[in-house]
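# Descriptive analysis of the structure
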Amino acid sequence: PPRAPPPQAQPAPPPPAPAQTPLWMTLDPQQRVIMRPKVGVGVFITSPKHHPGAILVGARTDSDASVIWALPGGHLEYAEDWIACAAREVQEQTGLTATNIRFATLDNSIETSHDYHYVVIFCICDVDSEPVNKEPDKIQHWQWAVWDSPEFDSMPLFAGLHNVRSAGYHPFKTNGQMLPVLPPHGALSW
């Protein structure tokens, strides 16, 4: 009988890729301080009686003059509680008095190409009246948008809002659940 050919030697596996140095470790100490993430607070405003299933979003003019939709919110100030920040930002931007303010979700929003890094704490609250545009230099107008509508899916969203929506956060279905492990960057959802 014919002999079987000798076994072929298998090529050696490629060497493991070198571990990539995190971007922050490539910065000098002064740059690290300058480039530290900022902390923002975004607020999902709901109006269960008047706009069930909807949240309030504002039409912001982006740097290229396009419209991008965002929640009310802003920077967390030094020594400020994030619930107090949520109430303040809602009042300053919409004239609304927020009630039942509570933690919603979290996003670690990173866009290194724009030197943008925010940790955004999202809160959710209820209101009983309609918004007034108190910052027309930043927001063209406010409108109620139904979260589960096809129209909402087609709206260009501000980074943090886009991230939490893409990660599966749902303001009307995810209250009170335990937090999962935070991914290296991006939205936290459960």
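Described in the following lines is the structure provided in the data block. (Residues numbered from 1 in each chain as written. Predicted model: local features only at pLDDT ≥ 70, side-chain atom pairs only at ≥ 80, totals over all residues. Heavy atoms only, no water.)

What the protein chain contains, in helices and strands, is four helices and eight strands. The linear arrangement of helices and strands in the protein chain, starting from the amino end, is α-β-β-β-β-α-β-β-β-α-α-β. Relative to all contacts within the protein chain whose residues are 6 or more apart in sequence, the contacts with residues 24 or more apart total 64%. Accessible surface, the protein chain: about 11900 Å² in total, of which carbon and sulfur atoms supply 59%. (Helix = DSSP H or I, 4+ residues; strand = E, 2+ residues; numbered from the N terminus. Contact = heavy atoms within 4.5 Å. Areas by Shrake-Rupley, 256 points an atom, 1.4 Å probe, with all protein chains shown as cover.)

Moving on, we come to the pattern of salt bridges. Under the defined criterion, the tally for this structure stands at five salt bridges. With a shortest N-O distance of 2.8 Å, Arg88 and Glu80 are connected by a salt bridge. Of the charged contacts in the structure, one is a salt bridge between Arg88 and Glu92, with a shortest N-O distance of 3.3 Å. Residue Arg88 and its partner Glu92 are both found in helix α2 (residues 82-94); the two are separated by four residues, about one turn of the helix. When its relative accessible area of 37% is taken as the criterion, Glu92 is described as partly exposed. Ionic contacts of the salt-bridge type, sharing partners, join the residues Glu80, Arg88, Glu89 and Glu92 into one network. (Salt bridge = Lys/Arg side-chain N within 4 Å of Asp/Glu carboxyl O. Buried < 20%, exposed > 50% of the residue type's maximum accessible area, 1.4 Å probe, protein only.)

Turning to its location among the elements, Trp82 is positioned in helix α2. Classification of Trp82 as partly exposed rests on a relative accessible area of 36%. Put simply, Trp82 and Cys123 are 41 residues apart on the chain and 8.2 Å apart in space, counted from C-alpha to C-alpha. Apart from residues no more than four positions distant in its own chain, Trp82 is found in contact with Val41, Leu76, Phe103, Ile121 and Cys123.

The next subject is unusual backbone geometry. Leaving glycine out, the prevailing phi sign among residues is negative, and the prevailing peptide bond configuration is trans. Unlike most non-glycine residues, Ala79 shows phi in positive territory, near 65°. Relative to the helices and strands, Ala79 is located in the loop between β4 (73-75) and α2.

What follows deals with α2. For α2, which comprises 13 residues, the first-to-last C-alpha distance of 18 Å matches the rise-based estimate of 18 Å (1.5 Å per residue) to within 8%. Three or more residues of α2 are buried, namely Cys85, Ala86, Glu89, Val90, Gln93 and Thr94. Buried positions in α2, seen along its axis, are confined to an arc of 130° and lie on one side of it. The opening residue of α2 is Asp81, an N-cap whose side-chain oxygen sits 2.8 Å from the backbone nitrogen of Ile83. Just beyond α2, the residue with positive phi is Gly95, at close to 75°. (Expected span 1.5 Å × (residues − 1). Arc of directions from axis to C-beta. Polar contact = N/O pair within 3.5 Å; in protein donor to acceptor, adjacent residues only side chain to side chain.)

Looking at the element boundaries, Glu89 is found in helix α2. According to the relative accessible area criterion, Glu89 is buried, its value standing at 6%. Ignoring sequence-local partners within four residues, the contact set of Glu89 consists of Gly73, Gly74 and His75.

With respect to the element layout, Asn100 can be found in strand β5 (residues 99-111). As for Asn100 and Val127, which are separated by 27 residues in sequence, their C-alpha atoms are 8.7 Å apart. Within the local environment of Asn100, its side chain forms a polar contact with the side chain of Asp126, the two groups lying 3.2 Å apart.

Taken as a whole and assessed by the stated rule, the structure comprises six aromatic pairs. The interplanar angle of 50° and the centroid separation of 5.0 Å between the aromatic rings of Trp147 and Phe152 together place this pair among those described as tilted. What makes Trp147 buried here is its relative accessible area of 3%. Classification of Phe152 as buried rests on a relative accessible area of 1%. One cation-aromatic arrangement involves Arg165 over Trp147; the distance from NZ or CZ to the ring centre is 4.5 Å. (Phe/Tyr/Trp six-rings, centres within 6.5 Å; stacked < 30°, edge-to-face > 60°. Lys NZ or Arg CZ within 6 Å of the ring centre and 35° of its normal.)

Functional significance is not addressed by these values, which are geometric in nature.
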